[in-house]
Amino acid sequence: MPERHAQLAALAASEGQTVSVLLGRLIGLALEGEETTSPPNCPQSRARREGKVTVRLAADVRQDLEEEARSQGVTISTWAAALLSARMRQAPQMVSGERRGVRAAYRQLRGLAVNTNQIAHALNRGVLTGAGANLTKAEVEGLRRDIAQLRRALSAYAEGRFQFQSGEGEDT
């Protein structure tokens, strides 16, 4: 489950939280039955940003880093921090616009999975009526396979993001 932990760590880091705080929020959501929640009102700890690193780079390296940062839509400092954090944490580090998209995708997937489970439950109990009553067990299984495939695609995206940020697989 290192992939799952990397995903949790990346999501938690993107919200300036620890994995345990994020899991606590998720458990709270499950117990309260809420669909979404806003981040906690407490300000982000300054401890996360107290360490500052200054480096001097050759002009060509800085230019490459600046071009990469521009292609990601972030500042050079933000991109350098994401690259270093990805390597040190062994997890992908999403940047602002990307973070929103990935969270929205996981939220949509969760909604699809819940709806599919509700349909399957209603079919199993024989209480599904109307147009949906014609669904077969195989069709519901097909929905579950599609959702699993979408989850794998998001995981592959995160893994690819990590490989890109950490430089894994690049020929030096």
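Residues numbered from 1 in each chain as written. Predicted model: local features only at pLDDT ≥ 70, side-chain atom pairs only at ≥ 80, totals over all residues. Heavy atoms only, no water.

So, the pattern of salt bridges
With the rule as written, the count across this model stands at one salt bridge. Here R144 and E141 are joined by a salt bridge, their closest N and O atoms 3.5 Å apart. Here the residue R144 and the residue E141 both occupy positions in helix α6 (residues 137-166), the gap between them amounting to three residues, near one helical turn. On the accessibility criterion, R144 (34% relative accessible area) is partly exposed. (Salt bridge = Lys/Arg side-chain N within 4 Å of Asp/Glu carboxyl O. Helix = DSSP H or I, 4+ residues; strand = E, 2+ residues; numbered from the N terminus. Buried < 20%, exposed > 50% of the residue type's maximum accessible area, 1.4 Å probe, protein only.)

Topic: the side chain of T116
Among the secondary structure elements, T116 is positioned in helix α5 (residues 96-125). We classify T116 as buried; its relative accessible area is 5%. Side-chain polar atoms of T116 contact the backbone oxygen of L112, separated by 2.8 Å. Excluding anything up to four places from it in sequence, T116 contacts V140, L143, R144 and I147. (Polar contact = N/O pair within 3.5 Å; in protein donor to acceptor, adjacent residues only side chain to side chain. Contact = heavy atoms within 4.5 Å.)

Some thoughts on the nonpolar core
If you look at the biggest cluster of nonpolar residues, it comprises eight residues: L65, A69, V74, I76, W79, A82, L83 and V95. Considering every element that reaches this core, the biggest residue donor is helix α4 (residues 76-89), with four residues. If we skip the residues at most four places from it in the chain, V95 touches Q72, V74, W79, A82 and R161. (Core = buried A, V, L, I, M, F, W, Y, C linked by side-chain atoms within 4.5 Å.)

Examining the environment of V95
Within the secondary structure layout, V95 lies in the loop between α4 and α5. Once the C-alpha coordinates of V95 and T78 are considered, the two residues, 17 residues apart in sequence, prove to be 8.0 Å apart.

Description of the confidence of the model for the protein chain
Within the protein chain, residue pLDDT values average 75, and 78% of them lie at 70 or more. Here helix α2 (residues 19-32) stands out as the least confident element of the protein chain, with mean pLDDT 71; helix α3 (residues 59-72) is the most confident, with 89. (pLDDT = per-residue confidence, 0-100.)

Looking at helix α1 (residues 2-14)
Each α-helix winds once per 3.6 residues, and so residues spaced three or four apart point in a common direction. The terminal C-alpha atoms of α1 lie 18 Å apart, and with 13 residues this matches the ideal 18 Å at 1.5 Å per residue to within 8%. Burial in α1 covers these residues: A6, Q7, A9, A10, A12 and S14. After α1 finishes, the residue G16 shows a positive phi value of roughly 70°. (Expected span 1.5 Å × (residues − 1).)

Section: a nonpolar patch on the surface
Residues L23, L26, I27 and L31 make up a contiguous nonpolar surface patch of about 390 Å² in total accessible area. Here L23 lies in helix α2. In this structure L23 comes out as partly exposed when scored by relative accessible area, which is 34%. (Patch = residues over 30% accessible without salt bridge, like charges linked within 9 Å, V, L, I, M, F, W, Y side chains within 5 Å. Areas by Shrake-Rupley, 256 points an atom, 1.4 Å probe, with all protein chains shown as cover.)

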